[in-house]
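# Commentary on secondary and tertiary structure
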Number of protein chains: 2
Amino acid sequence: MTEKYVYFFGEGKTEMKQLLGGKGANLSEMINIGVPVPPGFTITTQTCKEFYENNKTYSDEVKKQVEENLKKLEEKIGKKFGDASNPLLVSVRSGAAVSMPGMMDTVLNLGLNDETVEGLAKKTGNERFALDSYRRFLQMFGDVVLGVRHSLFEKNLQAVKDERGVIFDTDLSVGDLKKIVVRFKQLIKNETGSDFPSDPKTQLWKSIDAVFGSWNNDRAISYRRLNEIKGLIGTAVNIQVMVFGNMGETSGTGVAFTRNPANGENRLYGEYLMNAQGEDVVAGIRTPLPISELEKENPEIYKQFSETMKKLETHYKDMQDIEFTIQEGVLYFLQTRNGKRTTAAAVKIVVDMVKEGLTDKETALMRIEPNQLDQLLHKQLDPIAKNNSKVIARGLPASPGAAVGNAVFSALEAQKSASDGNRAILIRKETSPEDIEGMDAASGILTSTGGMTSHAAVVARGMGKCCIAGCGDINVDEENKQFTTKQGVLIKEGDYITLDGTTGEVIKGEVRVIDPELGEDFETLMTWADEIRKLKVRTNADNPKDSDIARKFGAEGIGLCRTEHMFFDEERIKTVREMILSGNKEGREKALQKIRPMQEGDFYGIFKAMEGYPVTIRLLDPPLHEFLPKEDNDIQELANEMETTTSQLKEVIQDLHEFNPMLGHRGCRLAITYPEIAVMQTQAIIGAALKAQKQGIKVIPEIMIPLVGKVEELVFLEDIIRKTADEIIKESAQSLQYKVGTMIEIPRAALTADQIAEHAEFFSFGTNDLTQMTFGYSRDDAGKFINEYKKVGILEKDPFQTIDQTGVGKLIKMACELGRKKRPNIKLGICGEHGGDPDSIEFCNMVGLSYVSCSPYRVPIARLAAAQAVLKNK
Amino acid sequence: MTEKYVYFFGEGKTEMKQLLGGKGANLSEMINIGVPVPPGFTITTQTCKEFYENNKTYSDEVKKQVEENLKKLEEKIGKKFGDASNPLLVSVRSGAAVSMPGMMDTVLNLGLNDETVEGLAKKTGNERFALDSYRRFLQMFGDVVLGVRHSLFEKNLQAVKDERGVIFDTDLSVGDLKKIVVRFKQLIKNETGSDFPSDPKTQLWKSIDAVFGSWNNDRAISYRRLNEIKGLIGTAVNIQVMVFGNMGETSGTGVAFTRNPANGENRLYGEYLMNAQGEDVVAGIRTPLPISELEKENPEIYKQFSETMKKLETHYKDMQDIEFTIQEGVLYFLQTRNGKRTTAAAVKIVVDMVKEGLTDKETALMRIEPNQLDQLLHKQLDPIAKNNSKVIARGLPASPGAAVGNAVFSALEAQKSASDGNRAILIRKETSPEDIEGMDAASGILTSTGGMTSHAAVVARGMGKCCIAGCGDINVDEENKQFTTKQGVLIKEGDYITLDGTTGEVIKGEVRVIDPELGEDFETLMTWADEIRKLKVRTNADNPKDSDIARKFGAEGIGLCRTEHMFFDEERIKTVREMILSGNKEGREKALQKIRPMQEGDFYGIFKAMEGYPVTIRLLDPPLHEFLPKEDNDIQELANEMETTTSQLKEVIQDLHEFNPMLGHRGCRLAITYPEIAVMQTQAIIGAALKAQKQGIKVIPEIMIPLVGKVEELVFLEDIIRKTADEIIKESAQSLQYKVGTMIEIPRAALTADQIAEHAEFFSFGTNDLTQMTFGYSRDDAGKFINEYKKVGILEKDPFQTIDQTGVGKLIKMACELGRKKRPNIKLGICGEHGGDPDSIEFCNMVGLSYVSCSPYRVPIARLAAAQAVLKNK
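Residues numbered from 1 in each chain as written. Chains lettered and ligands numbered in written order. Predicted model: local features only at pLDDT ≥ 70, side-chain atom pairs only at ≥ 80, totals over all residues. Heavy atoms only, no water.

## Concerning the overall build of chain A
For chain A, the helix and strand inventory stands at 36 helices and 31 strands. Expressed as a percentage of its 874 residues, the buried residues of chain A come to 58%. Summarising the internal contacts of chain A: among those between residues at least 6 apart in sequence, 69% fall at separations of at least 24. For chain A, the computed accessible surface area is about 35400 Å², with 47% contributed by carbon and sulfur atoms. (Helix = DSSP H or I, 4+ residues; strand = E, 2+ residues; numbered from the N terminus. Buried < 20%, exposed > 50% of the residue type's maximum accessible area, 1.4 Å probe, protein only. Contact = heavy atoms within 4.5 Å. Areas by Shrake-Rupley, 256 points an atom, 1.4 Å probe, with all protein chains shown as cover.)

Right under this line is the structure:
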């Protein structure tokens, strides 16, 4: 069968987007549903593909089909290409399956030359219009097709204006325009060495070449890379009869949305200009009118317009963004597409449409990009105020939201500032667990190193606090309490700065911040998501406050409660250090028993906040050296406190030093070498649970062992935990159910998950570490090459943000299968950063996990993503 | 069927070792082949197992069978248990399937009491002998069975000697012995609160209890743990009629080997004493005579003895170690087992036995423990000189051999010392790649930190140089050029010390060193191994010298040539640093082009040394910061050289700093961010190959890309490598075959090996890194918990020494299968440290690798292990 390369408008439909491009498919569809569209035809994306395969040439079949459709167009419209008396003019536009606005080329008014321009003048009785169209065509064709720089045309145009002493194009006379046409043609000849091609067919083919050629221009390639647009074979080309909004006062042009894209209100929204072409609307020289004015000016046209808008929305079942032109009182629609909108509007629109019966809940749920919801949950900079502000540096948008405050350069200063009632932005090269209270006190955090999963980023997201990490543009001088940017801006302690955690922008001075608002529509949408999703959504929270926030956002338990953050509390760290520095078990036990009531108190608060839901508590994870000071003066201070010498203390610190702490003495390895830590933590967890239960609070404690790689590690610790727990439970004379399970975060654990499942009641995939070890990337260091990897196409996505399904995912799948084989009812969850990433959540749903766990502020995102995962795989 | 718990000697055979223990099975076997053995019976290991299962009691069936066999024994020997006129005396000995010398208990002369001792005296006409036997029995039974401390008996014995004023036991009179018997019985009563049990049956059952009980004493448990003895169900108990070598001048006792266990010479070797019991031979009070004397003293007995020895060796087809007793002119064999021997002897014996037609080549090959060969390849301390030396510290036996020299504390000093013609021992906390030349110059290396796979250990093994690593017993003070041991010994620069790399002992002063000798027998054995093995054996070598050594040992190519060691050469490191510090590609390329001819020279030398064999060269692997100085004064020096400021240089170093360098910017990640490095290295490799080929040297270059985790990395670099290589080849007008392949050392690479095999012509498993990442252990840090893990049984073996088949092995198998699926003829090898470990080699053979690669000095071990792997899986 002969390939069909060309579709006359009306022969295609929306579903043929891949072949006809979004624009072409929709133009066909519009015609089919009776929307007035100027006729034309689409050359398929397949033609584009073959164009590149055939060394940028066309087969005879393509040429034939274009000619046939051109003829059909001439017949339909009653005009002829190159006919001096009644010339056919067309536009040549690109249109891929995915919208890439402004990336590819367009030619308008094609078909004009010295003869047809006169025909157009006569036919329209408007010489000035004809000449203006001609000079625009020359300029566009010269630039886009012939490669003559746009600025050269502008220079010539300006020269004529200067000669005439006028400012606006509209002030140019017919004579001026004629002069300009001559100059433009001369310019083309000078620059290209050839005459401007006056034959419309030549113009057409050269323009088709240019549009197909623009598919692989640098701009388009990087746009596709940046927007992760993949799997397209090329662009289509749309050739359409020109209609003109600038043919006088009964003509006009505009853009409009079927609903308000800012707030979602169900009213037409848009603007238009009479006697204008599309570019005039956006150029900002004349001020367009709101679309409501059209109703007053031309109620008849407006009626047709608003009915068609309604028809389009009803047909596409989504809010539409259209372009229209009125040519001498006749309304044409030139384009329709789903309109871009704010998150607030998106939520309102989908909920409204379900209520209006226009779409169903499932469609509504699929319409919202889960990550978008972030916008609703965090403070935002006032967009108008932001426009006038000075961005002095850019970093990674590590934790969304906005924050304003005085620059401070130490955790202590942040706390001081907060206790004085001031807002502080904590600025550090990188944060460490010692900074935790300062981070909590600060309104925002800015670091110069570290990636999206650095300490600062992870902790800030957990706190729902605005954070910009890895801001290499700034040079932090902690000693002198200041930083300088690459452009030389100096910020000192106390200076006001503003952070936009959603974009990664650092702004000098104060910008107004707007508080988030979660409306009823949001709640409705979440309820629909909950009806559909299979995955439970838990949260990662280490304290009652975060637990409360997460519950408000819909969390159904805690998937990861890290116990080490509790160790850094100022009062406790001393005792923790005492424990570490004890040379023997007795000393450690003594110190640990001082920590026990404090931990018990923490856990009690968390159990209370999460009443009725499971709380998974992970035993101490980081290597002990993280709890010891690093700076000389801090070491000296500690030595004094501990009544030891600086050199002895340094020796201990040196002994604990590790070359690769990530692969070092941490996780369950700690509890195995120092079982007394596991004993104390179990006592605190079970003690807290018993206390809460006695007060009638329903508790579901789950004790989780980190970093297990061999089942023997789990067996060793499970034994200690159960013995300790059962003893306390027995003493209390209560009964208490608790589970003992493990993280799966070491490749070996995944590989031997069948052995591990014989002893673990649950698995929780620690995908941060699992990704680190499966890839051999240190997440603290990988920034050095991950960006380069994305640039050259080795990595599509940062595997610390979205689960690498091929590699890490294979291990997870394997672990799930092996685990279920041995323990069919094993509870499977994920508590790495990926638990809040929609793509990763889809994967978790696919492999059949029981739940995902993410930071409190990502809980709504996870709920929606979990629902979408079900819908996508229906 | 009733379980048979007791076997009369002769009912069993050697193959029943698991049930009867080694001793019991062999005693039966000896009787069956006509060797004179005192009769007796064996209680099975199954009985031991049930003994523990039944709370240390016996079933009626066990009791019945013991009684039956006891009766049979009485009948056979014509004596009766407890018969005052003709008493039966027996020994009760342990004997597990695996020999555990001295670990479990033995009771001799059982059956004696106040009545039977008189019968024995009368029957033998030797009252003194009877009383001496009785007091020995009391002492042994009291100690072993009743738990009365051995020293208390000795005290009583000494008291009597003191009273009598004599020195030797033999000087004691009948009266003295009677007094001792009384005192011993009193001692037992005082200590245990009960009388000594005079009933022989009671003595027997209590002794059986004691022997079974000793299976799980602390000594035995730790012996099994240390010697990795597993899978035994318990010990057997052998009850055997006593024969006495101390019944006068026609009696005697001795031990002997069928061949010389020191050098393997095919002549009887042993010693004996007349009128003595076994313990006298080893006690060293009287000097035993060489076995050759027996021929002169008693030619008839000797004839019977030597014929039986011949019979035993022919029967067991291995060199035997026997114990014998002559009782009043009658020869008895009490035990036979395969004799322990030196490696040199072992090799000579198996080769001789094949020549003699006693065994076949396969048996010969299976007889040598591959690791033993190490003894033959390295210098050894003179064992006699060593006996008189002072061990001041112990570390890990990181690289075998021996070394003597003056203590030096920096690489520079080691080089200086060597150039002055002195031998130096380089002592460091840890070594780093910068020390490489000093290590090469030193005769031995001692470090206080790091494990068996630390930098020092790996490099030293590669160099075949003696090294003790991780010697925590010493405190190295590099600044003051000295170290102190835990016991307070101070060693200063220039002091002589001696290292025994085979045992890990550090000795103060000079000890004589013996050079290794590889004889003809060794070569013969190796030839047999080569005939059988399927795995090729390559070597890890970075220079022509090591390549030469390895070829001499039989290496069939290079499996891993690390290119970074070449970068540390003093002259080159400057240029390497210049490259790193260049802020741009041009600067880096300029520096690299200076390095190129040097690298090309290195590769040329290696190709020449490995003529005709494949040489796998790995592109630069370590992170760049390893090439930069760490100490302040070195940084300052470099800053001066590079004409930059110290603070600027420090900033660069800070920028390159990594938290987890093992998971950092290294391996192919370097070559992807700085492709110019890959270009230069390819130029150098291919350039050298072309040069060598032009001279008629056959070269087979294989370019290996390290640390690939995603196929995209490989594709990116393969493209660069092939373009660069093909260009140079084209210019040369020669033709040259080369391969491009990859390390599989990242879990993700193993998981996606099918994708990778589409582009890699070979895989080389880098099991060091693969183990690090699969387990999440940093090999530089894991020492902190690996020992603890072995102690509590979480790890059986250090996974950095022997491949963890369950986890890491699963990944390797997966990678092999996936790789072969996509590329059936893919070459598969291993180049991690495991390539020289016999257990790991067996695994490599099983999964069907093409070759293993190991350090030069392990090549013979690998050849033998590869042959054994084939034989074991026949």
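There's more to say after this.
## Some thoughts on unusual backbone geometry
Positive phi, normally seen in glycine, also occurs at L707(A), with a value near 65 degrees. Relative to the helices and strands, L707(A) resides in the loop between β27 (700–705) and α29 (711–732). For L707(A), a relative accessible area of 1% translates into the label buried. If you check the backbone angles, N275(B) has positive phi at about 50 degrees while not being a glycine.

## Here we look at the packing of aromatic side chains
All names here are of chain A. The tally for this structure, following the rule as stated, stands at 44 aromatic pairs over all chains. Taking the centre distance of 4.8 Å and the plane angle of 80 degrees together, the rings of F129 and F244 count as edge-to-face. Of this pair, F129 sits in helix α5 (residues 127–144) while F244 is found in the loop between β5 (236–241) and β6 (252–257), placing the two residues 115 residues apart along the sequence. Each member of the pair, F129 as well as F244, carries the same accessibility label: buried. Chaining the aromatic ring pairs together yields one cluster made of F51, Y52, Y58, W205 and F212. The cationic tip of R224 hangs over the ring face of W215; the distance from NZ or CZ to the ring centre is 3.8 Å. (Phe/Tyr/Trp six-rings, centres within 6.5 Å; stacked < 30°, edge-to-face > 60°. Lys NZ or Arg CZ within 6 Å of the ring centre and 35° of its normal.)

## Considerations on the packing of helix α13 (residues 343–355) of chain B against helix α20 (residues 520–532) of chain B
All names here are of chain B. Across the interface, α13 lies against α20 with an axial gap of 9 Å and an inter-helix angle of 65 degrees. Taken as axis vectors, α13 and α20 run roughly perpendicular relative to one another. Here the hand of the crossing between α13 and α20 comes out left-handed. Contacts between α13 and α20 pair V347, K348, V350, V351, V354 and K355 from the former with D521, F522, T524, L525 and W528 from the latter. Residues of the contact of α13 with α20, tallied by class, amount to seven nonpolar, one polar and three charged. (Axes fitted to C-alpha atoms, helices over the stretch in contact; angles between N-to-C directions. Parallel < 35°, antiparallel > 145°, perpendicular 65-115°, else oblique. Left-handed = near helix turned anticlockwise from the far one by under 90°. Nonpolar A, V, L, I, M, F, W, Y, C, P; charged D, E, K, R; others polar.)

## Some thoughts on the interface of chain A and chain B
Across the contact, 49 residues belong to chain A and 49 residues belong to chain B. Summed over both sides, the interface between chain A and chain B buries roughly 4500 Å², with carbon and sulfur atoms accounting for 60% of that surface. Contact with chain B buries surface across chain A, with F659(A), L663(A) and I794(A) losing the most and accounting together for 14% of the total. At the boundary of chain A and chain B, one finds two salt bridges. Linking chain A with chain B are 28 residue pairs in polar contact (both at pLDDT 80 or more). At the level of elements, α26 (646–656), α27 (668–673), α29, α30 (747–751), α32 (767–775), α33 (783–791) and α34 (808–822) of chain A are the ones that each hand at least two residues to the side of chain A that touches chain B. Residue composition of the side of chain A that touches chain B, grouped by class: 22 nonpolar, 13 polar and 14 charged. (Buried area = accessible area lost by both parts, 1.4 Å probe. Salt bridge = Lys/Arg side-chain N within 4 Å of Asp/Glu carboxyl O. Polar contact = N/O pair within 3.5 Å; in protein donor to acceptor, adjacent residues only side chain to side chain.)

## So, the nonpolar core
Taken as a class, soluble globular proteins show a tendency for nonpolar side chains to be buried jointly. Residues F607(A), F763(A), F607(B) and F763(B) are the most contacted members of the largest nonpolar core, which totals 307 residues. Those residues in contact with F763(B) that lie beyond four places of it in its chain are T742(B), I744(B), A753(B), I756(B), A757(B), A815(B), G819(B), I826(B), K827(B), L828(B) and G829(B). Listed in part, the 68 residues of the second largest apolar core include F8(B), F51(B), F129(B) and F153(B). (Core = buried A, V, L, I, M, F, W, Y, C linked by side-chain atoms within 4.5 Å.)

## What to know about helix α28 (residues 711–732) of chain B
Side chains three or four residues apart in an α-helix point the same way, a direct result of the helix having 3.6 residues per turn. Look at α28(B): 31 Å from first C-alpha to last across 22 residues, which is about the 32 Å you get at 1.5 Å a residue. All buried positions along α28(B) are accounted for by V711(B), E713(B), L714(B), L717(B), E718(B), I720(B), I721(B), T724(B), A725(B), I728(B) and I729(B). (Expected span 1.5 Å × (residues − 1).)

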